[in-house]
Amino acid sequence: QVQLVESGGGLVQAGGSLRLSCAASGRPSSRYAMGWFRQAPGKEREFVAAISWSGGSTYYADSVKGRFTISRDNAKNTVYLQMNSLKPEDTAVYYCAADPPGLASVAAPWEYDYWGQGTQVTVSS
């Protein structure tokens, strides 16, 4: 079992930055890939970014490439999402997720076994 707790969300103006954190407990985080997803009101949950268990491979949605950076610190069992140049369309609840069956599955939310409770990110124009 893995428990995930997100933090770092909030209200920011367009062009600003936020850093989200996802603290994992239970099975050591070095054993699984992790991802970030987001869900805006009335929309489906969508892939944002993912990172392999070692941190050596990262994946991004086209909409955030060049603005967001995913990283992890396995010693702290924590994954981060640095979000720069935020836009109003980035407004959503952001969720971290863990343990997809393989790196080919990292963009598919139904492939993840564990989810956090989410943290709200609101970007004002």
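Rules of the game
Residues numbered from 1 in each chain as written. Predicted model: local features only at pLDDT ≥ 70, side-chain atom pairs only at ≥ 80, totals over all residues. Heavy atoms only, no water. Helix = DSSP H or I, 4+ residues; strand = E, 2+ residues; numbered from the N terminus. Buried < 20%, exposed > 50% of the residue type's maximum accessible area, 1.4 Å probe, protein only. Lys, Arg positive; Asp, Glu negative; His and termini not counted. Salt bridge = Lys/Arg side-chain N within 4 Å of Asp/Glu carboxyl O. Polar contact = N/O pair within 3.5 Å; in protein donor to acceptor, adjacent residues only side chain to side chain. Disulfide = S-S within 2.5 Å.

(A) Broad picture of the side chain of Arg72. You can see Arg72 is positioned in strand β7 (residues 68-73). At 8.3 Å, Asp73 is the nearest oppositely charged side chain to Arg72, a buried residue that forms no salt bridge. Within polar-contact distance, the side chain of Arg72 engages the backbone oxygen of Ser52 at 2.7 Å. Only 2.8 Å separates the side chain of Arg72 from the side chain of Asn74, close enough to count as a polar contact.

(B) Molecular detail of the side chain of Arg67. Within the element layout of this structure, Arg67 appears in the loop between β6 (58-60) and β7. A polar side-chain atom of Arg67 sits 3.0 Å from the main-chain carbonyl oxygen of Ser85.

(C) Inspection of unusual backbone geometry at higher detail. Not every positive phi belongs to a glycine, and Ser85 is a case in point at roughly 50°. Taking relative accessible area as the criterion, Ser85 reaches 40% and is therefore assigned partly exposed. Positive phi is not limited to glycine here, since Asp99 has a value of about 70°.

(D) Focus on the state of the cysteines. Summed over the entire model, instances satisfying the criterion amount to one disulfide. Across the disulfide from Cys22 sits Cys96; the S-S distance is 2.0 Å. An S-S torsion of about 50° defines the bridge between Cys22 and Cys96 as right-handed. Residue Cys22 is found in strand β3 (residues 18-26), and its partner Cys96 is found in strand β9 (residues 92-98); the two are separated by 74 residues along the sequence. The exposure class assigned to Cys22 is buried, which follows from its relative accessible area of 0%. The exposure class of Cys96 is buried, given its relative accessible area of 1%.

(E) Just the pattern of salt bridges, in detail. Applying the stated rule across the entire model yields four salt bridges. The partner of Glu46 in a salt bridge is Arg38, and the shortest N-O contact between them spans 2.6 Å. Arg38 sits in the buried class, given a relative accessible area of 6%. A single salt-bridge network, built from bridges that share partners, covers Arg38, Glu46, Arg67 and Asp90.

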